[in-house]
Amino acid sequence: MAPQQTGSRKRKAPAIEAAAESSLLKGAAATAATADREGPLLPKKQKQPATRRSLLHYLKGREVGARGCAVLPGFEGKLSGYAVQKLPELLRERELALGTLNKVFASQWLNSRQVVYGTKCNTLFVVDVQSGQITRIPMLRDRGAGLAWAQPSCGIHAIELNPSQTFLATGGENPNSLAVYQLPTLDPVCLGDRQGHKDWIFAIAWMSDTVAVSGSRDGTVALWRMDPDTFSGSITWHNDAGLPVYAHIRPRDVETIPRASTNPSNRKVRALAFNRKNQELGAVSLDGYFHLWKARSTLLRLLSIRLPYCRENVCLTYCDELSLYAVGSQSHVSFLDPRQRQQNIRPLCSREGGTGHGSLLFYDIRAKFLEERASTSLDCCPPGPSRKKLKFTCGRGWLNHDDLWVNYFGGMDEFPNALYTHCYNWPEMKLFVAGGPLPSGLHGNYAGLWS
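Residues numbered from 1 in each chain as written. Predicted model: local features only at pLDDT ≥ 70, side-chain atom pairs only at ≥ 80, totals over all residues. Heavy atoms only, no water.

Draft legend 1. View of unusual backbone geometry. With an omega dihedral of 10°, the bond running from Leu183 to Pro184 counts as a cis peptide bond. Mapped onto the elements of the fold, Pro184 is located in the loop between β8 (178–182) and β9 (187–192). Phi angles above zero are rare outside glycine, and Gln195 is one such case at about 55°. (Helix = DSSP H or I, 4+ residues; strand = E, 2+ residues; numbered from the N terminus.)

Structure, rendered in structure tokens:
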């Protein structure tokens, strides 16, 4: 019986194939007729392979540096939002050896594996966070021999990249001067050493790709314009010694911080932040004031606000999403909204270990400080007394065991590092943190990669 059934199927196969072909032709004809009546058909959207829609494929592709991967609509934003809440608790430290450098004051990511940083010993370096290789960048020197400038031990306090990441601005060999390098080669472009600041540069902010602002301890804010036509090709010229020749520029505008009635001698500019949407420049001075300018071809002062906490106001940033300035002082973070005439500045206390004690604290405006083992819903679970703030303590770093360390600090083997700088690499989800011992006389450094 089985062979007979098999033979029957073989004989019917051509008929089945013919019927199927006839059915397909009829379907195609019907489809064509429908298309004639209703217009051309849109091509069907091809379904993407399931492997390319998975989180695992996305993360593995980014881990190995894959290029040209399909971008998942909305996935980047969701992943970033999730990382803001969950990533800090997953960070782990890997210390970076910086040799005998003294205190890292400023840093910025250049790419996925290189960080440029400046030190108290007034040197500029690039470190490869994967290989640990350190490259020294030559400092730019003022024009003319024998010019007197501030002592080099003040260090580099500011490093900033322009929006297109084609220029890098920092301090020069004379810390009163503004040095600009070209990226990614780090060739010198120009030096602002003519009629500029009379004291150390503490802060830098880019207003556009060719306009930068610097703030100094002399109580002034200077606006600089890097005209590409002026020094186009200047970095290709070299002097007899083979050193590159760069342009020497002067500021387009210099504004003085208003003198406070309480302490007129302490109006040093400590930090700057630029609001690109409103074209406004914010500044913090050590006399405890926040200042705001309208930034155009010149700087027009709009307001000055007395801050609630006046000790060590040294940090300032601007949040585009919330339109808020955040000011960091010795033990508080204060938020300012310049759109409100009557400022109700809400401070946030961080007395239990700020960056001066080698600690990393994370803050979400919706829920104050992030907590250990935080709930999945940060909106509905306010911080409670039973929970601890999420706080990481950085490693020991390197400390020079010199006579000062022995005589004045009793030869302490462990000394907490102050964290003077940190910068976050969003695409790689890596946090670079650096600093050194807090007492000015101690010589040492710390650098760590948290990922």
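Draft legend 2. Focus on the sheet that holds strand β2 (residues 104–109). Across the sheet, which stays open at both edges, the 4 strands sit in the order β2-β3-β4-β5 with antiparallel pairing between neighbours. The outermost strands of the open sheet, each flanked by one partner alone, are β2 and β5 (134–137). Here the average twist between neighbouring strands, direction ignored, is 25°. In the sheet, strand β4 (residues 124–128) pairs with β5 via 4 bridges, with the strands oriented antiparallel. Note on β5: the bridge partner recorded for Val126 is Thr135. (Pairing = 2+ DSSP bridges. Axes fitted to C-alpha atoms, helices over the stretch in contact; angles between N-to-C directions.)

Draft legend 3. Structural view of the confidence of the model for the chain. Looking at the chain, pLDDT values average 75 and 64% of them are 70 or higher. Helix α1 (residues 2–38) is the least confidently modelled element of the chain, averaging 46 in pLDDT, while strand β6 (residues 159–161) averages 96, the highest of any element. Note that residues 350–354 has pLDDT below 50 and, in this model, 12 contacts with residues that lie over four places away or in other chains. With pLDDT under 50 throughout, residues 374–386 is counted as low confidence; its partners more than four residues away or in other chains account for 20 contacts. (pLDDT = per-residue confidence, 0-100. Contact = heavy atoms within 4.5 Å.)

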